[in-house]
Each structure stands twice: as C-alpha cells, then as structure tokens.
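# Overview (structure and organization)
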Amino acid sequence: MPFSHWIPRLRSSELPAYQLIPELLSEDLRNGRLAPRERLPPLRDLAQVLGLNYTTVVRGFAQARERGLIASRPGLGSYARGSFIGLPLRGGTGAEMTMNMPPELVGHPAEQRLQEAAAQWMAQMPLHDVMRYQDFGGSTQDREVAAHWLRQWLQEASAERVLVCPGIHSALTALVSLLIRPGQSLCVEALAYPGLKAIAAQLGTQLHPLPMDEQGVLPEAFEAACKTTPVGALYVCPNLHNPTVVSLPMRRREQLADIALRYSIPIIEDDAYGMLPVAVPPPLADFAPGLTYYITGMSKWLGAGLRHAYVLAPTAAATQRLAGALRAMTVMASTVSMGLVTHWLESGLGQTWLEAIRAECEWRSAFARSQLEGLGARTHPQGFHVWLPLQDRDDGRCPSADLAAALRPLGVAAVASQAFSTDRVPPEGIRLCLGGALTRDDCGRALQAVVDALARCREGAGLP
C-alpha cells in the first residue's frame, strides 16, 4: 500500500503527525521511493491508509507545499516536486551512485599513457593560451579532429558543422531552448534520460511521451503525435538506450526519419553510448541529415568529468544558431578539456582507451548475464549498465523504488524506473550500473546483493 511505510514512524515519533509528514515526503524524495512529479494519492485516501484525521493530513501537506516539496494543479491533484535523486557523495569524489558512469581502469597501461600524454601537453602549452577566452565551438584544430573522429560513425561529418561544447547536457539544454517554441511539445521515449526531464522542467517544456517495445520507441506513436500535437522536435537515444539497453534496429531508424522528414520535425539524436559498441546501425543523421542534430560525448567512455561533447548540426546555418544558444548558456567549453581531448584523439590514444573500455565492459556485461541468469536482465555485450525488469514476476511484490532504495546503501548503483519515466506509468524495473569506481570484485558483491534482495522478495521476507 503506498505510503504505508510511514505508519511505524508516525506511531513512534514524538512530533505531531502534521509536522512529520513533510519530513517523510522529503526522505522519500531523497532515497528514490518518491519520484519528482509523481502524483500523490487523494488526501482522504491517504488519511485512511495512515489512520490519521483528514485535517491532520491536510495540515501536513500544506507545510510540505510551503517547503516546495509538493505542488498542486487543477485536474491533476498533488504531485511531488524536487530534483532527481542522488546519494550522498562517495569519498569526496563528487560521483553519485545514480549516475551511469563507465568503468575506471585504474592501473591499466592505457591510463598511464593518457596521463603521460596529458602531462606532456600541459608542459608544452603556453599558459595564457589556455587561460584566454576562445571562440565558441572550439578552435579550427579541435573541430577538424572532432569531425575526423566522428567519421567513424557519420561519414558526412565536417568541421564546419561540428561544435565542441561542455558536455552533452549543455547541448541538450541549448537544443531544447532553440527548437521547442511555446505551445509545442518535445517527443521523447516513455523512459528517457532523467537529465532531459530536468531540462524540460527548468525550461517549462512539455514532454510528449512515446510508448516503447522491446526494440525501442514506436514509430507509429511518433506519427500519431505529429498528426495531433504541435511537435517541436523528437528526442531519441538510439544506441544502448538509457535505461533499457535497447539499440534501435535499422528499420525503425528509417521509419522515424521518414516520419520526421514528412512532417519537417527536427531530431535530437543523443548518441551518448554509441562509441561503446563494436558496430551499430547507421545513425538517424544518415537518414534525415537535413533535420538531425547528432550529439555524442566523452562521458560514457573517456571521462564524465571532462564535460566534453560534440554536436553535428544539420546545416552550417543551424550550426551558427546553435552556437549562439550555447554561447548564451555556457560562454565556452574549457580550453584545458578541449586541448587534452583533441591531443588524445589526434595521437591515437583516445582509440586505445576506447578499446580498453570496450574490453572491460565486455567482461562486466558477460559476468552480469551469468550472475543474473533467469531474472530477465537485459545487457549489451559492450555496455556497462543492466536493465532488470520486475513486472510480471514472482518478485513483483518488491516495487522498483523500494528495491533501488534498499540496494544503494549496500553499494549497488541502482535507479528505479520512476526516475526515467515521462508518462507517469513506468514499468517496474531498475537500472544497475557496473561502472564507476566499482572493481570486478565489487561487481560480484553488488550483483549478489541484487539476487539476494529478489530472493527475499519472492520469499516474502521483505527487503534488507
């Protein structure tokens, strides 16, 4: 029963119930049990579940509203507010367990070569060259190296249409602000990158969720939206989708591009994970080159802290418009990050590191499949996250949010499906990250904790 976990606290606390309710809501938001913009039950129903007077619950929710924890809208009732959930920082590193990060290859020969090359580059670079303002989008060399790198996946990539920006998140923010006009919606997958949800909330952009199946977003749903809704753009994560690990098959990419072309809808192709697979189908940018903004970055294979990404715009004019939007929001990318990444890619060390990351991901993905065998886990051979569906299973008595909240204190980087949901009816499931600072031994302990937790659910013993 939703919110029934409050009952023991309400009975044992010395605080009046109406004062404790805001604290309980705040805790649920912090630990992932309650997702931002999740609808709350009617107050009379909640009062009955909690065994409280209706007036008491009303007073408690009024205080929660004053603290900015909840909000209300006509016809929608009350819903949770707040930012997306993260755990306390680990070891002062700034890395949160809710972030999907690639494995850290500590002590690997490729890491030593990267470090030596970085030290050499810093020693040779005149100090003032990295301390001055730069033209937005990177130097000519940065953009030429970026275009050469991208041609592994996009044969038509050119320096004139490439922009270097401080991370994929900043590029998405600029694109949403640029492409979505008042009254328009951004079409997104029913499960999408939580950062995009935060961007939309900040900019006041309406999201139009598109249902998905085992192959990804449904093209017919996109076309139906184009016919009935003012659509400003389509956002899609085509490779190793976060969180479901699905990669769109070529036929579906062709269908989505064809619809976008017929209705003149721009496409935001977020290929954050597209560098990891040994081979992927052609990008949507190949099928709708005049409409697609292709984005990729370093966060999922080189280093999230670099805040370094590339955007390939559909035309030179679109590149200039996007550069203006990005400049207004971020001024410029870090000259140090740009210089380091350009040096690593140009020297071939970037490719060496990517191959090392792929090899490590292959081990972790295979290990996860062996440890979670029979649980319906979805993985990719070169991926580092796992999608674990929970619906229609014997352990369905273990809700996603409860399971994720119970696993994270055990060192398991688990995020519930509610964090990714754009349609407020997420399937039961959790995303597990096997990257970041986790060693191979850590992965074994984390996966065993997942298996044990699901076993306890099946046995009716409850979560740890």
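Just above sits the structure.
Presented here is an overview of the structure given in this document. All residue numbers refer to position in the chain's written sequence, counted from 1. With the structure being a predicted model, the display of local features is reserved for residues of pLDDT at least 70 and the display and counting of side-chain atom pairs for 80 or more, all residues being used for whole-chain, interface and lining totals. Water and hydrogen atoms were dropped before computing side-chain values, which therefore reflect all heavy atoms in the structure.

Exposed residues in this analysis have more than 50% of their type's maximum accessible area, buried residues have under 20%, and partly exposed residues fall in between, with area computed by a 1.4 Å probe over protein chains only. To qualify as a helix, a DSSP run of H or I must reach at least 4 residues; to qualify as a strand, a run of E must reach at least 2; elements of each kind are numbered from the N terminus. Of the positions making up helix H7 (residues 140-150), those classed as buried are Asp 142, Arg 143, Val 145, Ala 146, Ala 147, Trp 149 and Leu 150. In what follows, residue pairs with any heavy atoms lying within 4.5 Å of each other are defined as contacts. Buried residues along H7 sit in contact with strand E3 (162-165), strand E10 (292-297), strand E11 (309-312), helix H13 (316-330), helix H14 (335-347) and helix H15 (349-371).

Consider a sheet: its strands pair through backbone hydrogen bonds, and that pairing is either parallel or antiparallel. Ordered by their spatial adjacency, three strands build an open sheet running E12-E14-E13, and the pairing between neighbours is antiparallel. For this open sheet the edge positions go to strand E12 (385-389) and strand E13 (413-416), each flanked by a neighbour on one side alone. Taken over all neighbouring pairs, the strand axes of this sheet differ in orientation by 25° on average, direction set aside. Sheet analysis places E13 next to strand E14 (residues 429-433), joined by four bridges and oriented antiparallel. By the bridge assignment, Ala 414 is partnered in E14 with Leu 432. Every axis in this analysis is a line fitted to C-alpha atoms, fitted for helices over the stretch in contact. Angles between the N-to-C directions lie between 0 and 180 degrees. Where helix H16 (residues 400-407) meets the sheet, its contacts fall on E13 and E14, and the angle it forms with E13 comes to roughly 160°. Any two strands with at least two DSSP bridges between them are considered paired.

Turning our eyes to something else, we now look at the packing of helix H5 (residues 109-124) against H15. H15 packs onto H5 with a crossing angle of 155° between their chain directions and a minimal axis gap of 10 Å. Considering their axes alone, H5 and H15 lie roughly antiparallel with respect to each other. The two elements H5 and H15 meet at a crossing, and its hand is left-handed. Listed contacts from H15 to Ala 110, Glu 111, Arg 113, Leu 114 and Ala 117 of H5 are Leu 349, Thr 352, Trp 353 and Ala 356. Grouping the amino acids of the contact of H5 with H15 by side-chain chemistry returns six nonpolar, one polar and two charged. What sets the label is the angle itself: under 35 degrees gives roughly parallel, over 145 gives roughly antiparallel, 65 to 115 gives roughly perpendicular, and the rest give oblique. Note on convention: the crossing is left-handed when the near helix lies turned anticlockwise from the far helix by less than a right angle, right-handed when the turn is clockwise. Three categories are distinguished: nonpolar for Ala, Val, Leu, Ile, Met, Phe, Trp, Tyr, Cys and Pro, charged for Asp, Glu, Lys and Arg, and polar for the others, with Gly belonging to the last.

In this analysis a 1.4 Å probe is tested at points of a 1 Å grid over the protein atoms alone, and where it fits but cannot get out there is a cavity; an open set with protein on both sides within 12 Å along at least five of seven lines is a pocket; lining residues have an atom within 4 Å of a point. Grid points are joined across faces, edges and corners, and a volume is the space filled by probe spheres set on the points. Per the stated rule, a full pass over the model turns up two cavities of 30 Å³ or more. Each pocket or cavity is described by its volume, and for the second largest cavity that value is around 40 Å³. Around the second largest cavity, the lining residues are Glu 189, Met 212, Gly 216, Val 217, Val 236, Cys 237, His 241, Val 246 and Leu 248.

With respect to the helices, strands and loops of the structure, Arg 424 is situated in the loop between E13 and E14. For Arg 424 and Glu 38, which are 386 residues apart along the polypeptide, the C-alpha to C-alpha distance reads 6.7 Å.

What follows concerns the packing of aromatic side chains. Working definition: rings of Phe, Tyr and Trp (its six-membered ring) pair if their centres are within 6.5 Å, and the pair is stacked with planes under 30 degrees apart, edge-to-face with planes over 60 apart, and tilted otherwise. Evaluation of the coordinates by the stated rule reveals five aromatic pairs. Within the aromatic cluster, the residues linked to one another by ring pairs are Trp 149, Trp 153 and Trp 301. Only Lys NZ and Arg CZ are tested; either one counts as a charge over a ring when it is within 6 Å of the ring centre and within 35 degrees of the ring normal. Stacked on the ring of Tyr 18, the Lys or Arg Arg 59 has its end atom at 3.7 Å from the ring centre. It is Arg 440 that lies over the ring of Trp 363; its NZ or CZ is 4.2 Å from the centre.

Glancing now at the pattern of salt bridges. Salt bridge criterion: a side-chain nitrogen from Lys or Arg within 4 Å of a carboxyl oxygen from Asp or Glu. Going through the model one piece at a time under the given rule, you end up with ten salt bridges. Where salt bridges share partners, they join Asp 28, Arg 33 and Asp 402 into one cluster.

All right, on to the nonpolar core then. To define a nonpolar core, start from buried Ala, Val, Leu, Ile, Met, Phe, Trp, Tyr and Cys residues and group those joined through side-chain atoms within 4.5 Å. If you look at the biggest cluster of nonpolar residues, it comprises 79 residues, and the most contacted ones within it are Leu 186 and Trp 301. The element contributing the most residues to this core is helix H8 (residues 168-179), with eight residues. Ignoring sequence-local partners within four residues, the contact set of Trp 301 consists of Pro 102, Trp 149, Met 275, Leu 276, Leu 345, Gly 350, Trp 353, Leu 354 and Ile 357. Cys 398, Ala 401, Ile 430 and Leu 438 belong to the second largest nonpolar core, which has 27 residues in total.

Before going further, it helps to examine the side chain of Asp 271. With respect to the helices and strands, the residue Asp 271 is situated in the loop between strand E9 (267-270) and helix H12 (284-287). It turns out Asp 271 is buried and unbridged, and the closest side chain with the opposite charge, Arg 253, is 6.3 Å from it. Sequence-distant contacts of Asp 271, defined by excluding residues within four places in its chain, comprise Pro 238, Asn 239, Tyr 294, Ile 295 and Thr 296. His is not counted here, nor are the chain ends, while Lys and Arg score as positive and Asp and Glu score as negative.

Honestly, it's all geometry; don't read function into it.
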